[in-house]
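Examination of the molecular architecture
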Amino acid sequence: MKKKKPEPGVTRRGFIRGVGLGSGVAGAGILETEAAAAPAVQVVGPGPAQVTLKVNGKQHTLNLEPRVTLLDALRDHLNYTGAKKVCDRASCGACTVIVGGKAVYACNMLAIEAQGQDIQTVESLSSGNKYHPLITAFVENDAQQCGFCTPGFVMAAKAFLEQNPNPTYEEVKAGLGGNLCRCGTYIGLRNAVLQAAKQMKGAANG
Amino acid sequence: MQAFEYARPSTVQEAVSLLGNSWEDANLLAGGTDLLSLMKDYIHTPKRLVSLKGIKELEGIRKSAGGLRIGALVTLEELLRNPDVRKEYPSLAAAARGVASPQMRNMGTVGGDLCQRPRCWYFRLGFGLLAKGPNGESLVPSGDNRYHAIFNNRGPAYFVSASSFGPPLVALGATVNLVSPSGTRELPVEKFFVAPATENARENVLAPNEILTEILVPPAAGVRNATYEVRQKMALDYPLATASVALRMRGNTVASARIVLGHVAPVPWRAQAAEKALTGKTLNAAAIEEAAKAAVQGATPLSMNGYKVQLASVAVKRALEEAAQART
């Protein structure tokens, strides 16, 4: 079989973004008629509607169909690819982000529903060579093997530590109960969270 | 998932006016933990989603002399953290804690728990609520039925109610308010759940243009209540069998008892033989043992779920033991 050369500059996410833009033009007409039919409450869609998301402190205005999940909006439209799409059914936790201070499954929240709230992704935990204590603790405790579940665990752990700054091992275990690691690195994960808890108390700003 | 219109009303009346007469017209979106998965699998394909998240009157937990009022939008985490719930309604707190994923508890709502669809894998794979095969017969009795019903399972429904709060709310004698264009009706939670007789019926009485707005739980001061859930894994899993109990005491004697099993029937299942066995008895180990046995009398397990009979019995025993130790 001949190897096909990848086209330069075309990525899967870039392609999806392009398709989204195209259908946006076609959907605009439907939107107007629906809005006119229900004057009391605005009805948007099924075509794209304006959605504004505040991700890691930065506002982004997108044109999204109401069916686009927060996870797809982050990954395919905003290039925040830290949150991972694994089960896409609220069962594994790999897509965990923090919305309004709470850990949620981004795959099971519509992007349009996440408007007006602070959305934090794993990308917010490092800048240049500066890392959040959780990230260094994950590295130092071998809290990952293949690493695919890691961003979800890190964000679940961050939300957990904000509510429970001084947890016991058992509390950490329960606090990470919404995330799965198929490599089975749970012991390292829990120790990492305990270590990060200690360091965050010592640090001025966590 | 199929494309849909989206609306975010700010009152219940507006929300009701945005619904239709069929489930295909519109679905209600609260936490979304179940609905969006159903839509991704094309089990639900509504033309419109009506988000309830902008409706303030659906929020909040309020305790008064009349009992506890739980707004349909209250999340499992809010319920779990509420001091009144923890103190007076441990059976509800235990059911919330049983949903062991913090993300799920942050997103999922109490109203959504009551309205979630069954987990029956035939239903989830598109064979309908009654799991009919090509010849019109249910696939469940001759198929893989390890998680299906052991009570009220003579067809056409074989699934189990997935609700975590159904059993404790039935045990506590709670009611729900349902609002539709024709007004509000208040129903006991026990009457809210039904075993469907036809493919078009559902596992509850909610109409396509109706909204479950709030849950009203009678005062539970002096009512010893507890929930015990048996599950395979301690996280991210539905239970295999649960029991919720609510006991009115006269000294050490059980004046009246409600014992309700979960995940064993298409509805939260009143174990009336167990209630009868316990009423008038001193709440001790022998009485508990007897009630736990009585609770599974008449069970009709399918080919692969006989194990659930024992689990349900043990769940009743442990829930009663917890209730016996509770201070009220």
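Computed from a predicted structure; not experimentally measured.

With that settled, consider the sheet that holds strand S1 (residues 5–7) of chain B. What the four strands build is an open sheet, ordered S1(A)-S1(B)-S3(B)-S2(B); its pairing is mixed. The sheet is open, and its two edges are formed by strand S1 (43–44) of chain A together with strand S2 (26–29) of chain B, each paired on a single side. With two bridges joining them, S1(A) and S1(B) adopt antiparallel strand pairing. Looking at the pairing, Val43(A) lines up with Ala7(B) of S1(B).

Our focus in this paragraph is the domain arrangement of chain B. Split into domains, chain B comes out as domain 1 (5–54) and domain 2 (223–325). Using C-alpha coordinates to define each centre, domain 1 of chain B is positioned 35 Å away from domain 2 of chain B.

Turning next to the sheet that holds strand S6 (residues 118–120) of chain A. Residue and element names in this part refer to chain A. Taken in spatial order, the five strands line up as S3-S2-S6-S4-S5 in an open sheet, and their pairing is mixed. On the outer flanks of this sheet lie strand S3 (58–64) and strand S5 (102–105), each paired with one strand and no other. Each strand of the sheet is rotated relative to its neighbour by a mean of 40°, with strand direction disregarded. In the packing of helix H4 (residues 150–163) onto the sheet, the strands contacted are strand S4 (96–99), S5 and S6, and the crossing angle to S4 comes to about 35°.

The subject of this paragraph is the interface of chain A and chain B. On the side of chain B, 35 residues touch chain A, which itself brings 34 residues to the contact. Broken down residue by residue, the surface that chain A buries against chain B is led by Arg67(A), Asn108(A) and Glu113(A), which jointly contribute 24%. Linking chain A with chain B are three salt bridges, by the criterion used here. Linking Asp41(B) and Arg89(A) is a salt bridge whose minimum nitrogen-to-oxygen distance equals 2.5 Å. If you look at where chain A meets chain B, you find 14 residue pairs in polar contact (both at pLDDT 80 or more). Residue assignment for the side of chain A that touches chain B shows that the elements contributing at least two residues are S1, S5, H4 and helix H5 (169–175) of chain A. Per-element accounting of the side of chain A that touches chain B gives the leading share, four residues, to S5(A). Looking at the side of chain A that touches chain B residue by residue, the classes come out as 16 nonpolar, 11 polar and seven charged.

How each quantity is defined
- Residues numbered from 1 in each chain as written.
- Chains lettered and ligands numbered in written order.
- Predicted model: local features only at pLDDT ≥ 70, side-chain atom pairs only at ≥ 80, totals over all residues.
- Heavy atoms only, no water.
- Pairing = 2+ DSSP bridges.
- Helix = DSSP H or I, 4+ residues; strand = E, 2+ residues; numbered from the N terminus.
- Domains from an automatic or database assignment.
- Axes fitted to C-alpha atoms, helices over the stretch in contact; angles between N-to-C directions.
- Contact = heavy atoms within 4.5 Å.
- Buried area = accessible area lost by both parts, 1.4 Å probe.
- Salt bridge = Lys/Arg side-chain N within 4 Å of Asp/Glu carboxyl O.
- Polar contact = N/O pair within 3.5 Å; in protein donor to acceptor, adjacent residues only side chain to side chain.
- Nonpolar A, V, L, I, M, F, W, Y, C, P; charged D, E, K, R; others polar.

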